[in-house]
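# Fold and geometry: a report
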Amino acid sequence: ILNVEQSPQSLHVQEGDSTNFTCSFPSSNFYALHWYRWETAKSPEALFVMTLNGDEKKKGRISATLNTKEGYSYLYIKGSQPEDSATYLCAFIYNFNKFYFGSGTKLNVKP
Amino acid sequence: EAGVAQSPRYKIIEKRQSVAFWCNPISGHATLYWYQQILGQGPKLLIQFQNNGVVDDSQLPKDRFSAERLKGVDSTLKIQPAKLEDSAVYLCASSLRLDQSTDTQYFGPGTRLTVL
């Protein structure tokens, strides 16, 4: 079992603040990294699938970067809104079909 | 397009009882996953199917858990007998292609199991 760490565990920000969090993973045998958003009482929703070192992906106000050599990915939210409140999960894919999720960063955006 | 369906949404049982969860993936999706998410932890992959064959069940506690995907469509996950530590949310997900590493997974709403 591999260690995928997300930090911080939780984050409280004001509406309009920009924020970022980290997913750290082993740098060997990397296949892909997935980011998901999981709102309370809903299904986890895919945000990004990242495969190449140096990848940058963007979806509206949310963006992500990937560094496979040092084993981390950052997720950024610009101008946080209350509807961004959710748990953000990363999943490290190792050896093609082995999925390891981090425990998530719980974001709370106060109006 | 209908999403991944799961039932029941909630289940409360006593320890040593049996329980079964059902999942219907998105139509045409080749790969189906079952995850266990214990409060405060990330989802843990229990079993992965490609069509009706098992790709990976290395983290499935096979002494009490079983899963099947008959005809390569819907799937059931069973726990028999349940223990207190099985209390968790059980998530089902599916993806379209056989390339699990880069394909987006679509999740169902989950079944929250409480074992008393």
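Let us look at the structure shown here. A quick note: this is a predicted structure, and the numbers were derived from the prediction, not measured. (Residues numbered from 1 in each chain as written. Chains lettered and ligands numbered in written order. Predicted model: local features only at pLDDT ≥ 70, side-chain atom pairs only at ≥ 80, totals over all residues. Heavy atoms only, no water.)

What follows concerns the nonpolar core. With 24 residues, the main nonpolar core has Phe21(A), Leu33(A), Trp35(A), Phe48(A), Leu75(A), Tyr88(A) and Leu107(A) as its most contacted residues. In terms of residue count, strand E9 (residues 86–94) of chain A provides more of this core than any other element does, four residues in total. Ignoring anything within four residues of it in the chain, the contact list for Phe21(A) reads Ser7(A), Pro8(A), Leu11(A), Trp35(A), Ser73(A), Tyr74(A), Leu75(A), Ile77(A), Tyr88(A), Thr105(A) and Leu107(A). Counting 21 residues, the second-largest nonpolar core is a separate cluster that includes Leu60(B), Ile79(B), Tyr90(B) and Cys92(B). (Core = buried A, V, L, I, M, F, W, Y, C linked by side-chain atoms within 4.5 Å. Buried < 20%, exposed > 50% of the residue type's maximum accessible area, 1.4 Å probe, protein only. Helix = DSSP H or I, 4+ residues; strand = E, 2+ residues; numbered from the N terminus. Contact = heavy atoms within 4.5 Å.)

Counting from both sides, the interface comprises 22 residues of chain A and, opposite them, 26 residues of chain B. The contact between chain A and chain B buries some 1,700 Å² in all, and 60% of this surface belongs to carbon and sulfur atoms. Interface area lost by chain A to chain B is led by Trp38(A), Phe99(A) and Phe101(A), which between them contribute 30%. Here Lys98(A) makes a salt bridge to Asp56(B), at a shortest N to O gap of 3.4 Å. Connecting chain A to chain B are three residue pairs in polar contact (both at pLDDT 80 or more). Elements with a minimum of two residues in the side of chain A that touches chain B: strand E4 (30–38), strand E5 (45–50), E9 and strand E10 (98–101) of chain A. In terms of residue count, E4(A) provides more of the side of chain A that touches chain B than any other element does, five residues in total. Across the side of chain A that touches chain B, the residue classes break down as 15 nonpolar, six polar and one charged. (Buried area = accessible area lost by both parts, 1.4 Å probe. Salt bridge = Lys/Arg side-chain N within 4 Å of Asp/Glu carboxyl O. Polar contact = N/O pair within 3.5 Å; in protein donor to acceptor, adjacent residues only side chain to side chain. Nonpolar A, V, L, I, M, F, W, Y, C, P; charged D, E, K, R; others polar.)

Without other data, these values stay purely geometric and don't point to any function.
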